[in-house]
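Listed below, chain by chain, are the residues.
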Amino acid sequence: MNALTIRLLAVPGAVPLLRHAVREHLGDGACPDAELCVSELLTNAITHLGEGTPVTLRITGRATRTRVELTDPEPRVWPVPRQATDGDESGRGLALLDAVALSWGVVRGPDTKTVWCEL
């Protein structure tokens, strides 16, 4: 399967569009966890880096083993898992990522950072 690469600005309206692109690329029902991970990674970028941040989504692999990567231009701002309480309306994104992914991590480049997960 070919890789899917999408460059975009991190805005809330892009979340459903990326979910749809992942579904089209991997096939209906092939990997709903990939859609969830894409949503959480993009939402994390919007929340912590700001709306309009340029990001690149890359999906590689097959439906049985898929790698999701989101690259942004801020290598100094790393994702930090939070312990959300019952009353919190946010802060569960990385916990969800950790729950559905086989593994995940962060790779720092000279001018970028890539948060990735494998499913």
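Here the residue index of a chain counts from 1 through its sequence in written order. This being a predicted model, a pLDDT of at least 70 is required before a residue's local features are given, and a value of 80 or more before pairs of side-chain atoms are given or counted; all residues contribute to the totals for chains, interfaces and linings. Heavy atoms from the whole structure form the basis of all side-chain values; hydrogens and water molecules are not counted.

1. With respect to the sheet that holds strand 4 (residues 103–108)
Two strands in a sheet stick together by hydrogen bonds in their backbones, pointing the same way (parallel) or opposite ways (antiparallel). Within the open sheet, the five strands sit side by side as 1-2-3-5-4. Their pairing is antiparallel. The open sheet has two edge strands with one neighbour each: strand 1 (4–10) and strand 4. The mean angle between the axes of side-by-side strands here comes to 15°, regardless of whether they run parallel or antiparallel. One bridge is not enough; two strands pair if DSSP finds at least two bridges between them. Put simply, DSSP marks the helices as runs of H or I at least four residues long and the strands as runs of E at least two long, and each gets a number from the N terminus on. Both strand 2 (residues 53–62) and strand 3 (residues 65–72) contribute to a ladder of seven bridges, which runs antiparallel. Residue L57 lies in a different strand from strand 3, and its bridge partner there is L70. Here an angle of 0 to 180 degrees is reported between the N-to-C directions of two axes, which are lines fitted to C-alpha atoms, with helices fitted over the stretch in contact.

2. Comments concerning the pattern of salt bridges
Just to be clear on terms, a salt bridge is a Lys or Arg side-chain nitrogen sitting within 4 Å of an Asp or Glu carboxyl oxygen. Overall, the coordinates contain seven salt bridges when judged by the stated rule. In this structure, R67 and E69 form a salt bridge, with 2.7 Å as the shortest nitrogen-oxygen distance. By relative accessible area, R67 is classed as partly exposed at 21%. The partner of D72 in a salt bridge is K113, with the nearest N and O atoms 2.9 Å apart. Highlighted residues: D72 in strand 3 and K113 in strand 5 (residues 113–118), separated in sequence by 41 residues. Three exposure classes are used, based on accessible area relative to the maximum for each residue type with a 1.4 Å probe and protein chains only: buried under 20%, partly exposed in between, and exposed over 50%. Taking relative accessible area as the criterion, K113 reaches 2% and is therefore assigned buried. Among the ionic contacts, a cluster of salt bridges with common partners joins R65, R67, E69 and E118.

3. Overview of the environment of L70
Within the secondary structure, L70 is located in strand 3. In this view, L70 contacts L41, L42, A45, V55, T56, L57, K113, T114 and V115; residues no more than four positions away in its chain are not counted. The contact rule is simple, with two residues in contact once any of their heavy atoms fall within 4.5 Å.

4. As for the environment of L119
Position of L119 relative to the elements: it lies in the segment after strand 5. For L119, a relative accessible area of 10% corresponds to the buried category. C-alpha separation for the pair L119 and V100, spaced 19 residues apart in sequence, amounts to 7.3 Å. Residue contacts for L119: discarding those within four places in its chain leaves C31, D33, A34, C37, T64, R65, T66, V68, V100, A101 and L102.

Keep in mind that these numbers describe shape and distance, not what the molecule does.
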